[in-house]
Amino acid sequence: MATMEIFVGLSLHLRNEINWQSPKMKSVKSNIEQLQNNIPHSVKVVAVSKTKPVDLIMEAYEAGQRIFGENRVQELISKHPAMPEDIEWHMIGHLQSKKVKLLAPFISLIHSVDTLKLLGVIQAEALKAKRKIGILLQVHIAEEENKYGFSHEEIRDFFMEEKNLEYPDVNFKGLMGMASYTEDREQIRSEFNSLSQLFKEIRIQNFDKTDQFTELSMGMSGDYQLAVDEGSTMIRVGTLIFGGR
Ligand SMILES: *Cc1c(COP(=O)(O)O)cnc(C)c1O
């Protein structure tokens with residue numbers, strides 16, 4: 001009986017070893033290294049860890065990754081205390097105003113600010129938390145109607161009228177956008193290009209020679225190379241680092 005148990009234990013152990021080393025399943029560490037090799041040093045990688053467990057995320061941390069992105073508030077606030085303190089947590093998904101207070105004490109950057117109402121709540125919660133909160137304004141660049149974000153015109157008017165000055169505890173770090181879900185590479189490129197033009201225009205008009213408004217968050221696993229070509233400073237990558245969801 002004892003021999004049998006040892007045998008079963010050993011074969012399970014071997015099976016795990018084999019799975020782990022199978023060439024198809026690359027390690028998180030090598031995925032990150034490969035990604036870093038494909039982009040300039042200046043481009044920041046947000047490792048999108050949504051749906052992934054803490055032990056897998058820790059593999060990325062141990063490989064040197066320090067910026068992690070989540071798209072759900074509950075998941076973000078449960079992972080935050082379970083992981084090391086020097087992580088920069090980014091909120092990348094649609095955010096409801098009533099949940100801002102849960103993130104306000106620690107969030108590094110909110111990529112998905114898509115209404116003035118949300119911006120107002122972030123200002124109020126930043127004041128309460130006695131810290132500045134970094135944000136990106138999300139711009140609607142895709143063809144799909146169901147995506148969130150401001151129009152180019154709304155962004156232009158906002159900065160033309162210097163509305164940003166009404167939010168003194170919000171740190172305007174830049175813009176974010178998501179391209180259409182399409183196989184058409186030229187369409188994706190042109191959507192990224194238009195966002196990049198808008199970003200540069202606002203930067204020169206409102207933030208020239210400042211260290212604000214320096215980030216353009218665009219590009220995911222499927223389109224990050226196009227995004228980087230078009231001037232992205234921050235890519236949000238999940239699948240290529242952690243595998244499919
Ligand atoms: C999930 C998600 C990503 C990452 O997508 P991948 O294709 O897995 O790289 C990037 N941005 C946002 C807003 C997301 O929700």
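Further up the page is the structure itself.
Just so we're clear, the structure is a prediction, and the values are computed from it rather than from any experiment.

A.B. asks: Would you explain the overall build of the chain in this entry?
C.D. replies: When its secondary structure is counted, the chain shows 10 helices and 8 strands. In the chain, which comprises 245 residues, the proportion classed as buried is 44%. Restricting the contact set of the chain to residue pairs at least 6 apart, pairs at least 24 apart contribute 57%. Of the roughly 13,300 Å² of accessible surface on the chain, 54% is carried by carbon and sulfur atoms.

A.B. asks: Teacher, can you tell me more about the pattern of salt bridges here?
C.D. replies: Should their charged atoms come close, side chains of opposite charge can pair. One pass over the structure, following the stated rule, counts 13 salt bridges. Arginine 189 serves as the salt-bridge partner of glutamate 230, at 2.9 Å between the closest nitrogen and oxygen. Here the residue glutamate 230 occupies a position in the loop between α9 (224-229) and β8 (234-237), and arginine 189 occupies one in helix α8 (residues 185-207), the gap between them amounting to 41 residues. You can call arginine 189 partly exposed: its relative accessible area is 25%. Among the salt bridges present, the one from aspartate 208 reaches lysine 209, with a minimum N-O distance of 3.5 Å. The exposure class assigned to aspartate 208 is partly exposed, which follows from its relative accessible area of 42%. Residue class for lysine 209 comes out exposed when judged on its relative accessible area of 77%.

A.B. asks: How do you make sense of the nonpolar core when you look at a structure like this?
C.D. replies: Across soluble globular proteins, nonpolar side chains have a tendency to be buried as a group. Core analysis: the largest hydrophobic core is formed by 63 residues, its most contacted members being Ile135, Leu137, Phe172 and Leu175. A per-element tally of this core places α8 first, with 7 residues. If near-sequence neighbours (up to four positions away) are discounted, leucine 175 is found in contact with Leu136, Leu137, Val139, Ile155, Leu195, Leu198, Phe199, Phe213, Glu215, Leu216 and Ser217. By size, the runner-up hydrophobic cluster in this structure holds 6 residues, among which are Val46, Ile67, Leu109 and Met176.

A.B. asks: Whenever I open this one, the site of the ligand confuses me. Can you help?
C.D. replies: Around the ligand, the surrounding shell consists of Val48, Lys50, Ile92, Met178, Met220, Ser221, Arg236, Val237, Gly238, Thr239 and Arg245. At 2.9 Å, a side-chain N or O of arginine 236 approaches a nitrogen atom of the ligand. Calculation on the ligand without its partners gives an accessible area of 400 Å², and the protein chains cover 89% of this total. A breakdown of the residues in the shell around the ligand according to their chemical character gives 5 nonpolar, 3 polar and 3 charged.

A.B. asks: Teacher, can you tell me more about unusual backbone geometry here?
C.D. replies: Most of the time, phi is negative for any residue but glycine, and the peptide bond is trans. Even without being glycine, threonine 51 reaches a positive phi, approximately 70°. Secondary-structure assignment places threonine 51 in the loop between β1 (44-48) and α3 (54-62). On the basis of relative accessible area, threonine 51 is assigned to the exposed category, the value being 52%. Not every positive phi belongs to a glycine, and phenylalanine 213 is a case in point at roughly 55°. Within the secondary structure, phenylalanine 213 sits in the loop between α8 and β7 (215-217). Residue phenylalanine 213 is classed as buried on the basis of its relative accessible area of 0%.

A.B. asks: Looking at this model, I keep getting lost on the packing of aromatic side chains. Mind explaining?
C.D. replies: The geometry of an aromatic ring pair is captured by the separation of the ring centres together with the interplanar angle, meaning the angle of the planes. Taken as a whole and assessed by the stated rule, the structure comprises 10 aromatic pairs. Judged by centre distance (5.3 Å) and plane angle (75°), the rings of phenylalanine 159 and phenylalanine 213 are edge-to-face. Placement of the pair is phenylalanine 159 in helix α7 (residues 152-160) and phenylalanine 213 in the loop between α8 and β7, with a sequence separation of 54 residues. Of the two residues, phenylalanine 159 and phenylalanine 213, both sit in the buried class. Taken together, the ring pairs connect Phe158, Phe159, Tyr167, Phe172, Phe199, Phe207 and Phe213 into an aromatic cluster. A cation over an aromatic ring shows up here: arginine 66 above the ring of tyrosine 61, its NZ or CZ 3.6 Å from the ring centre.

A.B. asks: Help me understand helix α6 (residues 116-129), please; the structure alone is not making it clear to me.
C.D. replies: Since the α-helix packs 3.6 residues into each turn, any two residues three or four apart lie on the same face. Along its 14 residues, α6 runs 20 Å from first to last C-alpha, staying within 8% of the 20 Å computed at 1.5 Å per residue. Considered for burial, the residues of α6 that qualify are Leu118, Leu119, Ile122, Gln123, Glu125 and Ala126. Buried residues belonging to α6 abut α5 (100-103), β4 (109-113), β5 (133-139), α7 and β6 (170-177). Lysine 130, located one to two residues past α6, shows a positive phi value of around 55°.

Calculation notes
Residues numbered from 1 in each chain as written. Predicted model: local features only at pLDDT ≥ 70, side-chain atom pairs only at ≥ 80, totals over all residues. Heavy atoms only, no water. Helix = DSSP H or I, 4+ residues; strand = E, 2+ residues; numbered from the N terminus. Buried < 20%, exposed > 50% of the residue type's maximum accessible area, 1.4 Å probe, protein only. Contact = heavy atoms within 4.5 Å. Areas by Shrake-Rupley, 256 points an atom, 1.4 Å probe, with all protein chains shown as cover. Salt bridge = Lys/Arg side-chain N within 4 Å of Asp/Glu carboxyl O. Core = buried A, V, L, I, M, F, W, Y, C linked by side-chain atoms within 4.5 Å. Near = heavy atom within 4 Å. Polar contact = N/O pair within 3.5 Å; in protein donor to acceptor, adjacent residues only side chain to side chain. Nonpolar A, V, L, I, M, F, W, Y, C, P; charged D, E, K, R; others polar. Phe/Tyr/Trp six-rings, centres within 6.5 Å; stacked < 30°, edge-to-face > 60°. Lys NZ or Arg CZ within 6 Å of the ring centre and 35° of its normal. Expected span 1.5 Å × (residues − 1).

Functional significance is not addressed by these values, which are geometric in nature.
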